[in-house]
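# Observations on the model geometry
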Amino acid sequence: MDQPRIEPIAQQAYDALAEAYAAQVATKPHNAYYERPAMLSLLPDARGKRVLDAGCGPGIYAELLIERGAEVVAIDANAHMVRLAQQRLQGQAQVIQADLGQPLAFLPAASFDLIISPLALDYVADWEQTFAEFYRVLRRGGHFIFSIEHPQAKFDRHRATSTYFAVEQVEEHWSGFGIEVQMPSYRRPLSAVINPLMRAGFTLEQILEPLPTAEFAERDPEHYAELMREPGFLCIRAVKN
């Protein structure tokens, strides 16, 4: 018997947040001067490559990859984000509403050279299935590059009610984009980040605990100083051999 489909989390929050997120993410310091430079530093040459942007949001990365000569398929679970990505990309990429927590059966095996997933996997409970699907749709020699909230940073915010070793749903109050929302996500230990990747068949190439750029210091010196002391995000690059 088929299991009932579980709706992706955070849909209500992103419904409320989508427009403000799309308007600000290109210049918001944590994105523009911290996470994005780190992710871009891990990318191989994208020219002529077929890329899956898994959790595309409003299409910032898809746009950058197209500018670098890639052919992009972008997917996101949120209908508002899909619409905003379509508006940004103007037909230059295929944009599909799809849940990373479900099988990606509409994507053929060995059909991509690169998969990126920037700050999307924190909303997915079961990485075993997701990583197995990513491995399936990647070609040999293809890379999978993703960013998440750093497991230690996330645990520190929830240590009063959490056990570090658990994979669990947590909720936080977000106001950084000028709109107040309650944002659910999953937190997990470092082992639950790395082990599903290896069990799927990937070879780990690089772990990056990024530092903020000088532009971040100019825009937000308080958070710059904080991120120079302790991690906020974690970026990982793996390959299908």
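First things first, this report covers the structure right here in the doc. (Residues numbered from 1 in each chain as written. Predicted model: local features only at pLDDT ≥ 70, side-chain atom pairs only at ≥ 80, totals over all residues. Heavy atoms only, no water.)

On to the overall build of the chain. Looking only at helices and strands, one finds nine helices and nine strands in the chain. Scaling as 2.2 N^0.38, a compact globule of 241 residues should have a C-alpha radius of gyration of about 18 Å, and the chain matches this with 17 Å. Taking the principal axes of its C-alpha atoms as reference, the chain extends roughly 45 × 40 × 35 Å. For the chain, the residues scored as buried account for 53% of the 241 residues in total. Taking as baseline every contact in the chain between residues at least 6 positions apart, the subset at least 24 positions apart corresponds to 70%. Accessible surface, the chain: about 11300 Å² in total, of which carbon and sulfur atoms supply 51%. The averaged location of the 31 negative side-chain charges in the chain is 6 Å from the averaged location of its 22 positive side-chain charges. (Helix = DSSP H or I, 4+ residues; strand = E, 2+ residues; numbered from the N terminus. Rg over C-alpha atoms; globule rule 2.2 N^0.38 Å. Buried < 20%, exposed > 50% of the residue type's maximum accessible area, 1.4 Å probe, protein only. Contact = heavy atoms within 4.5 Å. Areas by Shrake-Rupley, 256 points an atom, 1.4 Å probe, with all protein chains shown as cover. Lys, Arg positive; Asp, Glu negative; His and termini not counted. Charge placed at Lys NZ, Arg CZ, Asp CG, Glu CD.)

The subject of this paragraph is the pairing of strand β4 (residues 112–118). With six of seven residues buried, β4 is to be regarded as a mostly interior element. Relative to β4, strand β1 (residues 50–54) is paired through three bridges, and the arrangement is parallel. Considered in β4, the bridge of L52 is made with I115. Pairing of β4 with strand β5 (residues 138–149), which is carried by six bridges, proceeds in the parallel orientation. Opposite P118, over in β5, you have S147 as the bridge partner. Taking the sense of rotation as the criterion, the β-α-β connection linking β4, helix α5 (residues 127–137) and β5 turns out right-handed. (Pairing = 2+ DSSP bridges. Right-handed = clockwise from strand over helix to strand, strands pointing away.)

Bringing helix α1 (residues 11–24) into the picture now. If you check α1, its first and last C-alpha atoms are 19 Å apart, about what 14 residues at 1.5 Å a residue would give, namely 20 Å. Considering bend angle alone, the principal kink of α1 is centred on L17 and spans about 55°. Taken as a whole, α1 has its buried residues at A13, Y14, L17, A18, A20, Y21 and A22. Turning to α1, the residues buried within the fold contact α2 (29–42), α4 (79–89), β6 (168–174) and β7 (181–187). (Expected span 1.5 Å × (residues − 1). Bend = angle between axes of the 7 residues up to and from the residue.)

Glancing now at the pattern of salt bridges. In this structure the tally under the stated criterion is 13 salt bridges. Between R50 and E71 there is a salt bridge, with the nearest N and O atoms lying 3.3 Å from each other. With R50 in strand β1 and E71 in strand β2 (residues 71–76), this residue pair connects regions lying 21 residues apart in the sequence. In this structure E71 comes out as partly exposed when scored by relative accessible area, which is 47%. Each of the salt bridges in this network shares a partner with another, and the network as a whole consists of D122, E149, K154, R157 and E172. (Salt bridge = Lys/Arg side-chain N within 4 Å of Asp/Glu carboxyl O.)

Take α2 next. Look at α2: 19 Å from first C-alpha to last across 14 residues, which is about the 20 Å you get at 1.5 Å a residue. Along α2, the helix axis deviates most sharply at R36, where the bend reaches about 40°; the proline P37 sits within four residues downstream. Among the 14 residues that make up α2, 10 are buried, leaving the element largely enclosed by the rest of the structure. Within α2, the full set of buried residues consists of P29, N31, A32, Y33, Y34, E35, R36, A38, M39 and L42.

Moving on to the sheet that holds β1. Strand order in this open sheet of seven strands is β3-β2-β1-β4-β5-β9-β8, and the pairing throughout is mixed. In the strand order of this sheet, the two ends are held by β3 (94–97) and β8 (203–208), each with one partner. Looking at each pair of strands side by side, their axes are set apart by 15° on average, direction ignored. Pairing between β2 and β3: four bridges, direction parallel. By the bridge assignment, V73 is partnered in β3 with Q94. (Axes fitted to C-alpha atoms, helices over the stretch in contact; angles between N-to-C directions.)

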